[in-house]
Structures are given as C-alpha cells and as structure tokens.
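Tertiary structure, described
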Amino acid sequence: LLTRDRSRAMEALAELDPDMGATLLEGRAAADIAVLVGELPPDDAVGLVKHLPLELADAVLALLQPRNADEVSGLLQHAENTAGRLMNPRVFALGEDTTSGEAVARLQQAGGKEIFFYVYVVDDRGHLVGVVSLRRLLLVAPSARLRDIMTSDVISVGLDADQEEVAKVVTSYNVVAVPVVDRENRLVGTITVDDVIWTFETLKAKGHPVINLGIGQPDFQPPKHILAAAEKAVRDGPHGYTSPQGL
C-alpha cells in the first residue's frame, strides 16, 4: 500500500500510534520517508518524525519540501505536550469583510485537502477576532459579511498551554476544534477533537494520571459529548458556536 497509494497509506499510518508508524517506516530510505511524510498534515508528520531514530529524522527533515519542512520544524520548536506542538498550523481564516458567499467559495477551492470545522475571522494583522460555524455560514445570505455573523467571544488556547488545559477546553465548551493563538492573539493553528482524544488515549496507555478529567484511569473513556460532537460535525456540520437565533 505504501508503494501503490501514498495518500491512503499515510492516512492509515496517521491513525496508528506514532511509535508503530515510525517503526513501519524505519526500514525505508530517508528520501522515501520524506515523500510519504509530505502527504500528512504537519501535526501528524511531527508525531512520526519525532519517533524516528535521530539521524534518520534529521535526514528526513532535510529532504522535505520547503513548506513541509518549515511547518514541521516550527512545531518541533515548541515544548512537547503543549498546544504549539499538538496544533496543525494550516488554518482556514478569512478577513472580517469577506462575505458568506466568498467564504463558501474559498472552502470549495480548498479541495478537501484539509478538514475545517469552523471559519476563523482575523483582522488585517492576523489577530483572531471571531469564528463562524460552517452550518451558520450556509444558512445566512451569501452577501452577509463575516463581521456581522461571527461569534466574537472565541474560545482559544495559547501556544504554551499544556495538553491537559487543551483537553479541559474541549470538554468544558463542547467544541470540535480549538484555535491556538500567540501572545498577541494572532491565530497560528488549531487543535481538533481527534487530537485531544488521541492525547487522552496516549496518556491512558502510559499510565499518566491527569486531574479532574479521569484521563489515565483504567476505566477512562473520552467524554461522550466529545465523541458526539465529532459525529455531529461529520453528519450535519459542527456546533459549539451558535448565534442567538440558533443558526
């Protein structure tokens, strides 16, 4: 499968524990691994690269395409188990004056290469100022501007937030993706619910106790509303950010 269909192969590897995925790749040449890793979103690529032997990991990073190399190297600069390491730096963000119709067209142009749960709204300096659910985007008039339909009270986490804090945000606010901002509130990435669930399971497997969430306990299961949120997002669009009118 690695040879016949690289995209499908890497999607499958991304679902495995990074240790296992890295083990499956170790026997291949660095150039081959670089091509395969290039098919992954940056956050998944980091999970694999950091579990490769150091010399091989360095060789793979050196052979990645410039964009992929910059993204992966950028994530690796953040401390492990922080939002900066967990996030995907590829975010879908548009300006405040963008219309709903233009936003939908931009989503269609994205071509399904990434899965976006929300449209984040930024000002002309990249500061996060609002968010619009995809459901609301489709229900308003195409001429409506994002500044008029967005929710300005955005739940976000900082780059240095630890994985427990990120998990608490997801469990407390029932969202399927959390934006990550720098110290100046500039949007730099997102963490999705599947990343949080993976973190839960990793902590559980390693026996790490995490306060208040039950993570790491023998009978731990991801909170039901997290799973429900993910299922609902796939079925009829994400929730978590709604307007007073319920749109």
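The coordinates are above.
Described in the following lines is the structure provided in the data block.

Definitions and cut-offs
- Residues numbered from 1 in each chain as written.
- Predicted model: local features only at pLDDT ≥ 70, side-chain atom pairs only at ≥ 80, totals over all residues.
- Heavy atoms only, no water.
- Phe/Tyr/Trp six-rings, centres within 6.5 Å; stacked < 30°, edge-to-face > 60°.
- Helix = DSSP H or I, 4+ residues; strand = E, 2+ residues; numbered from the N terminus.
- Buried < 20%, exposed > 50% of the residue type's maximum accessible area, 1.4 Å probe, protein only.
- Axes fitted to C-alpha atoms, helices over the stretch in contact; angles between N-to-C directions.
- Parallel < 35°, antiparallel > 145°, perpendicular 65-115°, else oblique.
- Left-handed = near helix turned anticlockwise from the far one by under 90°.
- Contact = heavy atoms within 4.5 Å.
- Nonpolar A, V, L, I, M, F, W, Y, C, P; charged D, E, K, R; others polar.
- Pairing = 2+ DSSP bridges.

1. Thoughts on the packing of aromatic side chains
- Here the structure, examined in full by the defined rule, presents two aromatic pairs.
- Between the aromatic rings of F92 and F116, the centroid separation amounts to 5.1 Å while the plane-to-plane angle is 45°, which identifies the pairing as tilted. Of this pair, F92 sits in the loop between α7 (83-86) and β1 (93-95) while F116 sits in the loop between α8 (100-109) and β2 (118-122), placing them 24 residues apart in sequence.
- The buried category is assigned to F92, whose relative accessible area is 9%.
- Relative to Y120, the ring of Y118 lies with its centre 6.2 Å away and its plane at 65°, an arrangement referred to as edge-to-face.

2. As for the packing of helix α3 (residues 30-37) against helix α5 (residues 54-63)
- As a packed pair, α3 and α5 sit with axes 8 Å apart at the nearest point and diverge in direction by 60°. By the criterion of interaxial angle, the relationship of α3 to α5 is oblique. Every pair of crossing elements has a handedness; the one defined by α3 and α5 is right-handed. Where α3 approaches α5, its residues A30, A31, I33 and A34 are matched on the opposing element by L56, A59, V60 and L63.
- Looking at the contact of α3 with α5, its residues break down into eight nonpolar, no polar and no charged.

3. A few points about the sheet that holds β1
- Across the sheet, three strands lie side by side as β1-β2-β3; this open sheet has mixed pairing. Of all strands in the sheet, those bounded by a partner on one side alone are β1 and β3 (128-133). The average angle at which neighbouring strand axes cross in this sheet is 35°, direction not considered.
- Here β2 runs beside β3; their pairing, made up of five bridges, is antiparallel.

4. A short note on unusual backbone geometry
- A positive phi angle, close to 65°, is found at N81, a residue other than glycine.
- Looking at the secondary structure, you find N81 in the loop between α6 (66-76) and α7.
- When its relative accessible area of 39% is taken as the criterion, N81 is described as partly exposed.
- Positive phi outside glycine occurs at N185, with the angle close to 65°.
- With respect to the helices and strands, the residue N185 is situated in the loop between β5 (177-181) and β6 (187-192).

5. Let's talk about the environment of M150
- Residue placement: M150 occurs in the loop between α10 (146-149) and β4 (157-158).
- Measuring from C-alpha to C-alpha, the distance between M150 and V121 comes to 7.6 Å, with 29 residues separating the pair along the chain.
- Setting aside residues up to four positions removed in sequence, M150 forms contacts with E96, V121, V129, G130, V131 and V132.

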